[in-house]
Structure formats: structure tokens, C-alpha cells
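Here are the chains, one letter per residue:
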Amino acid sequence: MIPVNSQSIVSSSLDTSDVVLATWVFAFASSHIGMSAARSSIIRTLGETATSLNLVGNEEWTLPSWWPGDKNGGDRIFPDKLTTGRQIYRLMYTAVSFLTLGSAFGTYLHSSSVSILDGSGVQQSSTLLYNTCLLSAAMSFGAAIASLVNASPLASFEKDDGTLSGSSVAGLRRDDALKFTTRGLTRITRHPLILPVVPWGFATASLAGGRPCDVILFCGLSIYAIAGCYAQDLRVIREEGSVGTVFQTEARGHVKEGVSEEEQERTRLRLFFEQTSFVPFKAVFDGKQSLDDIAREVPWLQFFVGTIVGFYLEEKILQLLAEWSV
């Protein structure tokens, strides 16, 4: 791969396709933040609707054998009203993603092709900058991949010790009761899955050429990641709702009688937020977490393997972007 332009924004002005691209990126970000803000009410409504349609509790509707269920619902897709609402919500969330982000990507390819045809395409830059950005992008992949096996409000898998019911994948089993446990990467930041998008987006914008379309799409995703995570934090602080895309929230053995599941989730989530930080390592500087615990608990193997995979994926992404823009 040839090193590309080091400038984050080139001198060429925005054309119509760049404006359309910015509109789709904004639509993607705003729709996701908006759906997340109304998550609890949407899930509750969907669950009630599904119950009225007799979709809840069907024993024949189960997850594939290769997909890990959780401790509470097992392998059933719609085990109860709340879980059903969450499942349907996730489908809606995914559909909106494909529509808005897919449209943004299509517009990006068009804008990229136009920039190449009119001679305002990518330029060479220093090898040092290229390698630095490539390493940053690869490590971002590594952190995101490692976060998938590190329990958090957005990822709740644990190693299979043979004592849990349900299926497992690669020695991992879903356990939503762990999602509020402060461990490993969540001692660094409470958003270990999403925040790696920030350095990845800025790095990829430079690697792809630093043109307006590159900055709008990839830096736009970085800004969205920051805004989305911050919006989640505000909802928890204001007790306006929950976060995450898990199936079930109750921790087995910790359900309090007379207290709603939603209120219990808010309590556990509030405690989790008090022990963690939005800004990476801020909880360490505040004395809430220790570097020793981080060094001992971070899934280093998954991080290093994920980084190696990240090098390949980033190079492949850049290659495909170049080919599809011709």
C-alpha cells in the first residue's frame, strides 16, 4: 500500500456528494443516539406488542446451536416480554444502521470516485505517518476485539467453565449477569467496545487520503462514537434509561423482591459508572482503579491477536476502498 496524504482536510471545497454524505452520516449518528435515548420505552412497547401477538414464550423458537444463549433465557429467542422487546429493538437498530450507514458508504464511494476523476485524489506522504496511522488503526481493532470477551454493558461473555447451561462458542458463553462487573478493559474506560472507533476513524481518514469525503465519513464516525458514549453517560447520570444491547439484565442470585427489574438495572449501572470513567485511565488517576488490576485482567491474548488481525483488515479495507472508488 502506498502512503497517502497526511493532511486531514484538503483545500478542495465540498461538492454536492460530500454534502449528501455528511447528511447520511448525521442521519446515522442522530438516529442511533435518538433510538438509544428512548431505548427503555421502545423496548417496553415492543415487548407488550409481541406479548399481545403471542410471540413470547414459544419453546420452538430457539437460537442456532452455535450461538451462545444466556443464563436466564437459555437458547430461547423470545423467553419473556422484556427480552422479546430487546430482541426486536436490536433488529430495528440494525435495520436503521444498514439504511443510514449503507447509504453513507455508497455516497462516499461516489464522492471518492469523483475526486479521483477530477484530479483531487490522494497524494503521497511520509512513511512514518502512514505506519503510525496503520498501527493506530490495527490496535483499535485489537482493543475492540478484546472487548468482546471482556464483560461490559455492551459485551457480556465469559469463559465456559462447564457449569452453565446453554451453548458456547470458542469456549465462551454469554452471561449477562457479568455486564456490570468492573474488570479488565472496563477499568480503563466504561466504553471499551465503542471508543476504539475514535482513533480508528481519524487514522483511516488519513490513510484513505485525507480528502473531504474521507474526513466526513471516518472522522464523522469518530465523533459519533464520542457523542454516543457521552449520551449514554448522561442518560445514566440523569436516570433516564439503560444502556447496552443485552438480552437479560438480572444477576442470578441478586434479584430483590418488590423492586422492578428496570430499577435494579439502573442501580447496578449507577454503581458501575461510579467505579469507571468515560475518559480512558481517568478512573486510575482518580484512584478508583489500579494499573495492577488492569495488567492482570486485560485479555492480552485477544488484544494481540486482534491487533494482528487488525493490520490485515485495515490494509484490506484500504485496498477495497481504492478498488471500489475507481
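Residues numbered from 1 in each chain as written. Predicted model: local features only at pLDDT ≥ 70, side-chain atom pairs only at ≥ 80, totals over all residues. Heavy atoms only, no water.

Colleague: For this particular structure, what's the right way to read the packing of helix α4 (residues 127–147) against helix α5 (residues 197–208)?
Modeller: The angle between the axes and the distance between the axes are what describe a pair of packed helices. Their axes nearest at 8 Å, the elements α4 and α5 cross at an angle of 145°. When the axes of α4 and α5 are compared, the crossing they make is left-handed. Mapping the contact onto sequence places L129, Y130, C133, L134, S136, A137, S140 and F141 in α4 and P199, W200, A203, S206 and L207 in α5. (Axes fitted to C-alpha atoms, helices over the stretch in contact; angles between N-to-C directions. Helix = DSSP H or I, 4+ residues; strand = E, 2+ residues; numbered from the N terminus. Left-handed = near helix turned anticlockwise from the far one by under 90°. Contact = heavy atoms within 4.5 Å.)

Colleague: Would you mind going over the nonpolar core with me for this structure?
Modeller: In a soluble, globular protein the nonpolar side chains are often hidden away together inside. L21, V25, Y89, Y108, W200, L217 and F218 are the most contacted members of the largest nonpolar core, which has 32 residues in total. Breaking this core down by element, the ones donating at least two residues are α1 (16–37), α2 (39–52), α3 (81–117), α4, α5, α6 (212–237) and α10 (300–324). For this core, the leading source of residues is α6, giving eight residues. Not counting chain neighbours up to four residues away, the residues in contact with V25 comprise A104, I216, L217 and G220. Judged by nonpolar contacts, the second largest core, of seven residues, contains L185, V284, I294 and V298. (Core = buried A, V, L, I, M, F, W, Y, C linked by side-chain atoms within 4.5 Å. Buried < 20%, exposed > 50% of the residue type's maximum accessible area, 1.4 Å probe, protein only.)

Colleague: I would appreciate a short explanation of the packing of α5 against α10 in the present structure.
Modeller: At a minimum axis distance of 11 Å, the contact between α5 and α10 shows a crossing angle of 45°. The orientation of α5 relative to α10 falls into the category oblique. Like other packed secondary-structure pairs, α5 and α10 cross with a definite hand, here right-handed. Across the interface between the two elements, W200, T204, L207 and A208 from α5 touch E314, I317 and L318 from α10. Classifying every residue of the contact of α5 with α10 gives five nonpolar, one polar and one charged. (Parallel < 35°, antiparallel > 145°, perpendicular 65-115°, else oblique. Nonpolar A, V, L, I, M, F, W, Y, C, P; charged D, E, K, R; others polar.)

Colleague: Would you mind going over unusual backbone geometry with me for this structure?
Modeller: Most peptide bonds take the trans form, and the phi angle of most residues other than glycine is negative. In the Ramachandran plot, N54 falls in the positive-phi region, its phi being about 60° despite a non-glycine side chain. Owing to a relative accessible area of 65%, N54 belongs among the exposed residues under this scheme. Not every positive phi belongs to a glycine, and F281 is a case in point at roughly 70°. Along the chain, F281 turns up in the loop between α7 (261–275) and α8 (282–285). Judged by its relative accessible area of 34%, F281 falls in the partly exposed class.

Colleague: Whenever I open this one, the packing of aromatic side chains confuses me. Can you help?
Modeller: Aromatic ring pairs: the centre-centre distance and the angle between the two ring planes describe each pair. Per the counting criterion, the structure on display carries twelve aromatic pairs. Look at F105 and Y108: their rings are 6.3 Å apart centre to centre, the planes differ by 20°, and that puts the pair in the stacked class. Taken as a pair, F105 and Y108 lie in helix α3 at a separation of three residues, close to a single helical turn. Among the residues examined, Y108 registers a relative accessible area of 1% and is labelled buried. Seen from their ring centres, Y230 and F278 are 6.3 Å apart, and the 80° between their planes marks the pair as edge-to-face. Taken together, the residues Y230 in helix α6 and F278 in the loop between α7 and α8 connect sequence positions 48 residues apart. Among the aromatic side chains, those forming a connected cluster through ring pairs are F105, Y108, F141, W200, F218 and W324. (Phe/Tyr/Trp six-rings, centres within 6.5 Å; stacked < 30°, edge-to-face > 60°.)

Colleague: Before we go on, may I ask you to explain the layout of surface pockets in this structure?
Modeller: The gaps left among the atoms become clear once a water-sized probe is rolled over them. Its volume calculated, the second largest pocket comes out at about 470 Å³. In this structure, the second largest pocket is lined by 20 residues; those nearest its centre are A143, L185, I188, F281 and F303. Elements that contribute at least two residues to the lining of the second largest pocket include exactly α4, α9 (291–297) and α10. Of the residues assigned to the lining of the second largest pocket, the class counts are 17 nonpolar, three polar and no charged. (1 Å grid on protein atoms, 1.4 Å probe; cavity = no way out; pocket = protein on both sides within 12 Å on 5 of 7 lines; lining within 4 Å. Points joined across faces, edges and corners; volume = space filled by probe spheres on them.)

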